[in-house]
Each structure stands twice: as C-alpha cells, then as structure tokens.
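Single-letter residue listing:
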Amino acid sequence: MTTLESLYLVEDRWDDAVADRLDPVERLVYRSNLLGSDWRITNTGGGNTSSKLVERDPITGEPVDVLWVKGSGGDLRTARREHFASLYLAQLLALQERYQAFDERGPKTPAEDAMVALYPHTTFNLNRRAPSIDTPLHAFIPYRHVDHMHPVAVIAIATAADGPALTKQIYGDEVVWLDWQRPGFELGLALQRVCEAHPEAKGVILGGHGLINWADDDRDCYRLTLRLINQAARFLAEHDRGQETFGGAKYPALPEAERREVLVRLLPWLRGRLSRKKRVLATVESSPAVLDFVNAVRAPELAELGTSCPDHFLRTKIKPLYVDWDPGREDIERLKDRLEEGLAQYAKDYAAYYEACKRPDSPPMRGDEPTVILIPGVGMIGWGKSKSESRVTAEFYRCAIEVMRGAEAVSRYTALPRQEAFDIEYWALEEAKLRRMPPEKELARQVALVVGAGSGIGVAVANRLVDEGAVVSAADLDAGAAETTVAAIEQRLGRGIGVAGTGIAAAGDAIALPVDMTDRASVRRALEDTILAYGGIDHVVISAGLYVSPDVDGEIPDARWDDTFRVNVKGPYLVASEMKRIWQEQDLPGSLVVLTSVNAVVAKEGSMAYDTSKAAANHLVRELAVALAPRVRVNALAPATVVEGSKMFPRERVIASLTKYGLPYDEAEDTETLRARLSAFYAERTLTKQTITPDDQAEAVFLLVSRRLAKTTGQILHVDGGIRDAFLR
C-alpha cells in the first residue's frame, strides 16, 4: 500500500449488532458519528447526514415523511439526537413553488437567502434545532438517506483543474460532476435536476467542495460513502509522487529538539504580535506530511493559492502566511524579522482582498492577521480564539495540504476564485451566525499555569479559571495528582481532542504537567510544555507550599527549615524568574498570584519556619511587583485555616490540632469528618464565623488575575474569615 493510499483509505466500522438495537433516528446518529470520527471523511463541524423517516403527525396522527438532518453548527463526530433538525418533507418541497414566485432568483440572490428564513416554519414536532443551510441538498434528492461529506481524497478531485474528466475516469456514470455553486436553495435544485437526468447516478462531486451521495438504506448509504472515497483514494495513490508532487525538498526539516527550541522561543513573541487586538491561542503541527509541504520547493506558490473547500477557508482565511526562512542557515532572530515583514504584507494583502471583493452590504472587515502560519523546518501553527478553534484550524489546513497533494498528483490544484471565497467568508448568513454566538467568558483567550494544581486550593483554582474561559496548565510535584485534576475537568466539561491520525496536538482546555518549582530546569520544562500546547502564558498562580510540623521538642530540624524556605520562597522566585522572558516576549498584560498565608503577619508558636517563610514570600511579592511592572501585576493571596483537601493537613496534623484545642475525636472517624470538625472550630474563631474553603480562595484568585483589579499590584489579599490578629498594619 502506498503512502497516499495509506493516508486516504477509510475503513468500514458499521456494526449490525449495534445498529439493529437502535431506532431510525438513533441509526442516523450512529451513522453520523462513524463518518464524523474520521478526518479523512469529513472535517470537524463539516458535512451533513440525513434520513427521510415516516413519523406520526402529533396533531392528526397520520403518517408523514419527515427529514431528519444535521442541524446548523453541529459536528458529526459528537452529534446526538438533539443536534438534528426534523422538518416536514412535503412542506420543504412546497418551498420550491414559493421560490419560483420571486421575480429575481438564482444563486446569491435575496430570494435564495430569503428561503433560509422559511425552513423553521416547516419544523416537525416543535424541534428547536435550527436547520442547516444545506437542508435543500438533502430534501430535494429523492432518496431516503443522504451523506454529504468533505473527504480529502474526493476534494482533491473536486479541486483539480481536470475535475470533470477525472470524475468520469474514476466513477464512470455512477458519480456526476457539478460545477462549484455556493451551498443553498439553488444547489438543492441543481441536485434534484441531476437525479432526474441521471437516474443511474449514486452521487455527485461538487466542484471545489466535496461529495454528496444517496441510497434508500442507511447502511448502504454509509458503505457507498466509503466506497466512493476509497475509489478516489486508490486512484490518487497510483499517481502519487510523495514530496516530488510539491517540487521536491528545498529546505531540511529541523530535528525534533531543534524544532522545540525554535518554537519555545518563537511562540510567545509571535502570539504577542497576533494578539494586539484580541488574544489568540496556538496549535502546532509538525507531522511528516506537513513538514514535507512547508519544506518543499512549491510551498510558497501553492500556499498563496489558499484553500478551496468552503469549510476550510472559513477557518484558515483566504490563505496562510508562508515564511520563506532557511532553517539550515538562518537563526531565530532572522525568522522573527521575516515574520514581521510577512505579517505586515499579509495585512496589506488581506485589506486589498476585502476592498476588491466587498459588496455594498458586506459586513465590516474582520481581523487582518493570518490564522495559519507555515515555517520551513518547523511546521505549521494554527491560531484561534480558543484551543479548540486553533486545533480545528490546523486540522483544516492539514486537510488542505493533502488536497493539494492529491490534486497535484493527478492534475493541477485550483482554488476557488477570490470573489467566490469572499462571498462565503462574508456571507450575511455566516455573519448572522457569528453574531448569535454567546459572549466570550471573562478569561477567554488566556492561558494560566497553576503550580500546585494537584490538591486543595490548586484544584479549585484550576477549575475556577477553566470555568471562566481560560485554558489551564495544571502542574504539580505529584504528576499523578495533576492528571487527576485534569481528568476531572475533562469529565465535567468534555475534552476537546485532536482528530485521530492528523498528528495535531491533542491538548484540550487543560493539560497536566509534572513540576518541581525548586528546580529551575523542571520549571523551565513545564513552561515550555505549556507554550507548546497553547502558544504562550498569561497568568501564573502558585498555590504549592510546604508546611513542616515541629518535632516532639517543638523544633524544626535544620534541613527541614531549609526545605520550607526552598519551597515557599525560592520556588515562587524561580517561577517568576523563568516567566520574565516569556512575559517580555509576549508584551501582553499578565499576572502572578502567589499564595502565602495570614500566618505571615501573626506571631505564634509551633510553625516558625512556615510563618517566617510566608512573611518572606509576602515581601518577594512586593519586590516582584516592582521588577515586573508595568506589564505584569504581582499579588499575594493569604488564606487561613483551609483544611478541606489540603496536603498541609494530613490526618496526623488534624488529630494533633484537635488534641491541642481540646476538641473531641474518635480514632475510628474518617479523615474528612475530623477535618470538618477542625474547620468548624477555626470558623468560630473568625469575625464572620464562616468556614474557609478552597473555592473561596479560587474566587479570590480569579479576581486577582482578571481585569477587575487591573490597577492592583504588590498587594496581599487576606481571605481568612476575619482574623483580627492578621489585620495588616
């Protein structure tokens, strides 16, 4: 099997034992999930499936034909029943008569767009899912089941200069070629005419777009989809010339260690320049296929053409930014210079594209920054407002590379005309969809590193920041504990993973990392891994700390005294020291929050090493606030008596404290019960009489990293329930 065939060929994963247990709508969901789970079949969020099913009308009780079709904004890989619209088929077909009543009609006319507003009026059984713009494509094809996919192998044929002839050569009369036409009502009518004129046809290649095919049995439709894709895949494999398809190698790929070094130094700087209007997050892709492309002779020429499939350039824009940098001869400073030049030129090109193609009613120009950057020797960087969006952007351009490779193997790759691309990118319906998006959360687009995220306050902080829209690198000395924190976040919120087989980093909205913050090399590695996952770091929260109980004589051994200061003072200093360059390179507002303790200002017996180390940490915060100003705000959060989930309160210390205060306990009681009793005692000693929890501290951390306290730095915030001895003087 050749390389290209191995890449494109898709497998039949239909299981009758599973499907036969499902009702008709569930079978549609099952079929959709199978198709959507393979990036070679369709991209994330792309493609549609449908089934025309007989249902009982909820009013008349009579049987009626209902079109179940993937709703607007859904993703086939993760779709469930609620993600499908259900529409009366007879009413959808009746819209054709309504459409014919318009004096002016055709592709891109107001009449065509007006039909979209009528789809909801055909809803069956009060289904709230908004119908897709592709609804007519499914409704007007006179077969019970329809699959519309964006397969890499088929799009290669759909974008080839000789697409019609290649379609005939590969499929004979079984698949018909249809020239590019924007998705919508007119395309649905065109497909209806194809079915009438070619009753033997089983599918259509939509020029510059993808594949649509049909059958009267759902399993047959699924297997037909796979067969048609594989026919194209085998044909392309027979003609593939590997990297020679792109003109052969011009530059060498850097070894993995050198790529890492370049990316670690480059990404924060680059993110800062792309985030001057709104912050963005990154996804890096350095798979062999991507490196073959970016290192090839014809990469600049092909990259300039841009992508073709409508779903692609909605993410990747009209074209990527290709940086003509020689990785074998030029250093990273030269790479930055070339990027500066490239970004400036890209902005000019994008503005010219907008001005040349805009219409009187076009929405205002969106950002003029690239969302895909190609760097020889290094690979591809996808950018987006979220980790999910950047990952999907990278996935789409990875597909675009394979499309170009396939098209160039058998013909010549052609992109959509710029005006057609513009009319999709700035389509009024797409603009309306963007405007319907919910407002971004307060910490959206921002990256937070939480050191000590494996227990207690750190766990609560990681969860709170993710809930506010940040992506979080959860780091801890106990790597397993950090992984548990991230697993719980993923379980609660779902994990945005990369699509299997793409080679695209699978980091979601939280990643787990090991770190020993008293070891500079370990700190550096954790920061680098965070940068590689997200493109940079905005906020750092240090909740890790060490409390050493005195021995039987009330003394702290010298070595343990040193350990206390090493963790509680040196650790935060090393993290800040290593972060300084990153903050400088990004040149974006950031923050550092160090958890100290109210004990730092209360003189008492039994915890001298801990208390004095926390006092030193408080002053370190003030020093860092001066050193990192004005770009980075540095504040301390000083908790007290947070017993819940804290590693500083193991069972032995809890029992010792209960004994010290004369509180009753039973050795048979579990640790959490004993902790709760001690917490209740501590609460009674405060002015507010309230138990202090990790969530209380997480709320304060959120306040400190957010822009709500954008003018506050060098301060110590106590969240202790009101301990009068801890009042700052």
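Side note on the packing of helix H4 (residues 89–100) against helix H9 (residues 185–197)
So, point 1. Their axes nearest at 12 Å, the elements H4 and H9 cross at an angle of 115°. As summarised for this structure, H4 and H9 are arranged roughly perpendicular, according to the angle between their axes. Like other packed secondary-structure pairs, H4 and H9 cross with a definite hand, here left-handed. Facing H4, whose interface residues are Leu 95, Gln 96 and Tyr 99, H9 presents Phe 185, Glu 186, Leu 189 and Gln 192.

Overview of the packing of aromatic side chains
So, point 1. Scanning all chains against the criterion turns up 16 aromatic pairs.
So, point 2. For the pair Trp 14 and Tyr 222, a centre-to-centre distance of 5.6 Å together with 40° between the ring planes defines the contact as tilted. Placement of Trp 14 in the loop between helix H1 (3–8) and helix H2 (16–19) and of Tyr 222 in helix H10 (residues 218–239) is noted, with a sequence separation of 208 residues between them. For the residue pair Trp 14 and Tyr 222, the accessibility class agrees, reading buried in each case.
So, point 3. The rings of Tyr 350, Tyr 353, Tyr 354, Phe 422 and Tyr 426 are connected pair by pair, giving a single aromatic cluster.
So, point 4. Over the ring of Trp 427 we find Arg 182; its NZ or CZ atom is 3.8 Å from the centre of that ring.
So, point 5. The positively charged end of Arg 366 is found above the aromatic ring belonging to Tyr 426, 4.5 Å away from the centroid.

Observations concerning the pairing of strand E2 (residues 63–70)
So, point 1. Across the eight residues of E2, six count as buried, placing the element largely inside the fold.
So, point 2. Note: strand E1 (residues 48–56) against E2, seven bridges, orientation antiparallel. Note that in E2 the partner of Glu 55 across the bridge is Val 64.
So, point 3. Hairpin connection between E1 and E2: a loop of six residues separates the two successive antiparallel strands, and Gly 61 in this loop has a positive phi of roughly 75°.

Re the packing of helix H11 (residues 256–274) against helix H21 (residues 520–534)
So, point 1. Two elements in contact, H11 and H21, have axes separated by 9 Å at closest approach and are oriented at 75°. On the basis of the axis angle, H11 is roughly perpendicular to H21. In this structure, H11 uses Arg 260, Leu 263, Val 264, Leu 267 and Pro 268 to contact H21, whose residues at the interface are Arg 525, Glu 528, Asp 529, Ile 531 and Leu 532.
So, point 2. A class-by-class count of the residues in the contact of H11 with H21 yields six nonpolar, no polar and four charged.

Focus on the side chain of Ser 390
So, point 1. Looking at the secondary structure, you find Ser 390 in helix H16 (residues 387–410).
So, point 2. Here Thr 283 takes part through its side chain, which lies 2.8 Å from a polar atom of the side chain of Ser 390.
So, point 3. Ignoring anything within four residues of it in the chain, the contact list for Ser 390 reads Leu 281, Ala 282, Thr 283, Gly 382, Trp 383 and Gly 384.

Regarding the confidence of the model for the chain
So, point 1. Taken as a whole, the chain shows an average pLDDT of 92; of its residues, 96% reach a score of 70 or greater.
So, point 2. Overall, residues 497–505 carries pLDDT values under 50, and its contacts beyond four positions in sequence, including any with other chains, amount to 29 contacts.

Focus: the environment of Gly 379
So, point 1. By the secondary structure assignment, Gly 379 is in strand E11 (residues 379–384).
So, point 2. Judged by its relative accessible area of 1%, Gly 379 is buried.
So, point 3. Along the sequence, Gly 379 and Ser 287 sit 92 residues apart, while their C-alpha atoms lie 7.6 Å from each other.
So, point 4. Excluding its chain neighbours within four sequence positions, the residues that come into contact with Gly 379 are Glu 285, Ser 286, Val 290, Leu 291, Val 294, Ile 373 and Leu 374.

Focus on the environment of Ala 488
So, point 1. Structurally, the position occupied by Ala 488 is in helix H20 (residues 479–493).
So, point 2. The class for Ala 488 is partly exposed, based on a relative accessible area of 41%.
So, point 3. Separated by 305 residues in the primary sequence, Ala 488 and Pro 183 place their C-alpha atoms 41 Å from one another.

Definitions and limits used
- Residues numbered from 1 in each chain as written.
- Predicted model: local features only at pLDDT ≥ 70, side-chain atom pairs only at ≥ 80, totals over all residues.
- Heavy atoms only, no water.
- Axes fitted to C-alpha atoms, helices over the stretch in contact; angles between N-to-C directions.
- Helix = DSSP H or I, 4+ residues; strand = E, 2+ residues; numbered from the N terminus.
- Parallel < 35°, antiparallel > 145°, perpendicular 65-115°, else oblique.
- Left-handed = near helix turned anticlockwise from the far one by under 90°.
- Contact = heavy atoms within 4.5 Å.
- Phe/Tyr/Trp six-rings, centres within 6.5 Å; stacked < 30°, edge-to-face > 60°.
- Buried < 20%, exposed > 50% of the residue type's maximum accessible area, 1.4 Å probe, protein only.
- Lys NZ or Arg CZ within 6 Å of the ring centre and 35° of its normal.
- Pairing = 2+ DSSP bridges.
- Nonpolar A, V, L, I, M, F, W, Y, C, P; charged D, E, K, R; others polar.
- Polar contact = N/O pair within 3.5 Å; in protein donor to acceptor, adjacent residues only side chain to side chain.
- pLDDT = per-residue confidence, 0-100.

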